[in-house]
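Observations on the model geometry
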Amino acid sequence: DLVRRHIRAGGMAAVLEEGINGHMITLYDQGSHVPLLWTHLIPATIEGKALHNVQNALAAALMAYAMGVKVDNIRQALRTFDTSYFQVPGRLNVYDELPFKVILDYGHNPAAVRAMVDLTRRLDVAGRRLCVLSAPGDRRNEDLVEMAKIIGEAKLFAHIYLKRDDDLRGRGPTEVPEIMRAALLAAGHHEERITTIP
């Protein structure tokens, strides 16, 4: 494997290693390895379940290490970085103040929607999963269709609410939700479980 060969040649890498307590971010450099932090201890990963943020943590840790940042400082940064509205508005903000959990993410492309579906699948949920799906009007039609298709094919959500973005960006008032609704139906989602919010 490419990473193993790179490490054996003395290269620098951040690797996710499975252990008894979960997944450990480990740094390799010139033959040495430094266990950095368990992913479930990084708040931005939602106990290691938000794999896209685990990937982000790997990249950020390696870049900081390569720039000479001390390992303890990297650990501290990862331990204290969360996805609160105050640190990263619109990026995996979790609200627990209600009798239910709300996760808000401005996932405005298919890759981001796929990451949210992956996270949702990993979360333990006692009740129903509901989804509000929206997208800016300046996205390509094929991206709007792909985002809705990802949600529809996931078969995770009891109900999907389609909301138009406040900034239409050249689209008609219901154009984006209509495109997404058609894609959801084509993906096999039941019509009675889709609501459009004007």
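Summary of the structure given here. In this text the structure is predicted, and so the values were computed from the model without any measurement.

1. Quick word on the nonpolar core
Counting residues in hydrophobic clusters, the biggest one holds 21 residues, and the most contacted among them are Ile151 and Met180. Those elements giving two or more residues to this core turn out to be helix H4 (110–122), strand E6 (130–133), helix H5 (141–154), strand E7 (159–163) and helix H6 (175–186). Considering each element in turn, this core owes the most residues, six residues, to H5. Discounting chain neighbours no more than four positions away, the residues touching Met180 are Leu133, Ser134, Ala135, Leu144, Met147, Ala148 and Leu162. With 15 residues, the next largest nonpolar core counts Leu36, Ala44, Tyr65 and Val71 among its residues.

2. Observations regarding helix H3 (residues 71–80)
Among all positions in H3, only Val71, Ile74, Arg75 and Leu78 are buried. One side of H3 carries all its buried residues, which in axial view fall inside an arc of 100°. Residues of H3 that are buried in the fold lie against strand E3 (32–38) and helix H2 (51–66).

3. Details of the packing of H2 against H3
For the pair H2 and H3, the least separation of the axes is 10 Å and the interaxial angle reads 150°. Taken together, the axis directions place H2 and H3 in an arrangement best described as roughly antiparallel. Of the two possible hands of crossing, H2 and H3 adopt the one that is right-handed. For the pair H2 and H3, the contacting residues are Ala57, Ala61, Ala64 and Tyr65 in the first and Val71, Ile74 and Leu78 in the second. Split into classes, the residues belonging to the contact of H2 with H3 amount to seven nonpolar, no polar and no charged.

4. Overview of the packing of H5 against H6
The relative placement of two packed helices is expressed as an angle between their axes plus a distance between the axes. Taken N-terminus to C-terminus, the directions of H5 and H6 make an angle of 45°; their axes are 8 Å apart at the nearest point. Considering their axes alone, H5 and H6 lie oblique with respect to each other. The crossing of H5 and H6 is right-handed. Contact residues: Asn141, Leu144, Val145, Met147, Ala148, Lys149, Ile151 and Gly152 in H5; Val176, Ile179, Met180, Ala183 and Leu184 in H6.

5. Regarding unusual backbone geometry
The backbone phi angle of Ile46 is positive, close to 45°, even though this residue is not glycine. In this fold, Ile46 is placed in the loop between E3 and H2. Given a relative accessible area of 15%, Ile46 falls into the buried group. The phi dihedral of Lys155 is positive, around 55°, even though this residue is not glycine.

6. Side note on the side chain of Arg139
Among the structural elements, Arg139 can be located in the loop between E6 and H5. Its relative accessible area of 17% is what places Arg139 among the buried residues. Beyond its immediate chain neighbours, meaning those up to four positions away, Arg139 contacts Tyr106, His108, Leu144, Met147, Arg169 and Arg171.

Calculation criteria
- Every chain's residues receive numbers from 1 upward, in the order its sequence appears when written.
- Where totals are concerned, whole chains, interfaces and linings use all residues; where local detail is concerned, this predicted model gives features only for residues with pLDDT of at least 70, and gives and counts side-chain atom pairs only at 80 or more.
- Excluded from the side-chain calculations are hydrogens and water; all other atoms, namely the structure's heavy atoms, are used.
- Throughout this description, the term nonpolar core refers to a set of buried Ala, Val, Leu, Ile, Met, Phe, Trp, Tyr and Cys residues connected via side-chain atoms within 4.5 Å.
- Per-residue accessibility, obtained with a 1.4 Å probe over protein chains only, is compared with the maximum for each type, and a residue is labelled buried under 20%, exposed over 50%, and partly exposed between these values.
- Helix and strand assignments come from DSSP, with helices taken as H or I runs of at least 4 residues and strands as E runs of at least 2, each series counted from the N terminus.
- Residue contacts follow a heavy-atom distance rule, with two residues in contact if any of their heavy atoms lie within 4.5 Å.
- For this quantity, the arc is that covered by the directions from the helix axis to the C-beta atoms.
- Interaxial angle, 0 to 180 degrees, is taken between N-to-C directions of lines fitted to C-alpha atoms, where a helix line uses only the stretch in contact.
- By the definition adopted for this analysis, an angle is roughly parallel if under 35 degrees, roughly antiparallel if over 145, roughly perpendicular if from 65 to 115, and oblique otherwise.
- Note on convention: the crossing is left-handed when the near helix lies turned anticlockwise from the far helix by less than a right angle, right-handed when the turn is clockwise.
- Each residue gets one label: Ala, Val, Leu, Ile, Met, Phe, Trp, Tyr, Cys and Pro are nonpolar, Asp, Glu, Lys and Arg are charged, and the others, such as Gly, are polar.

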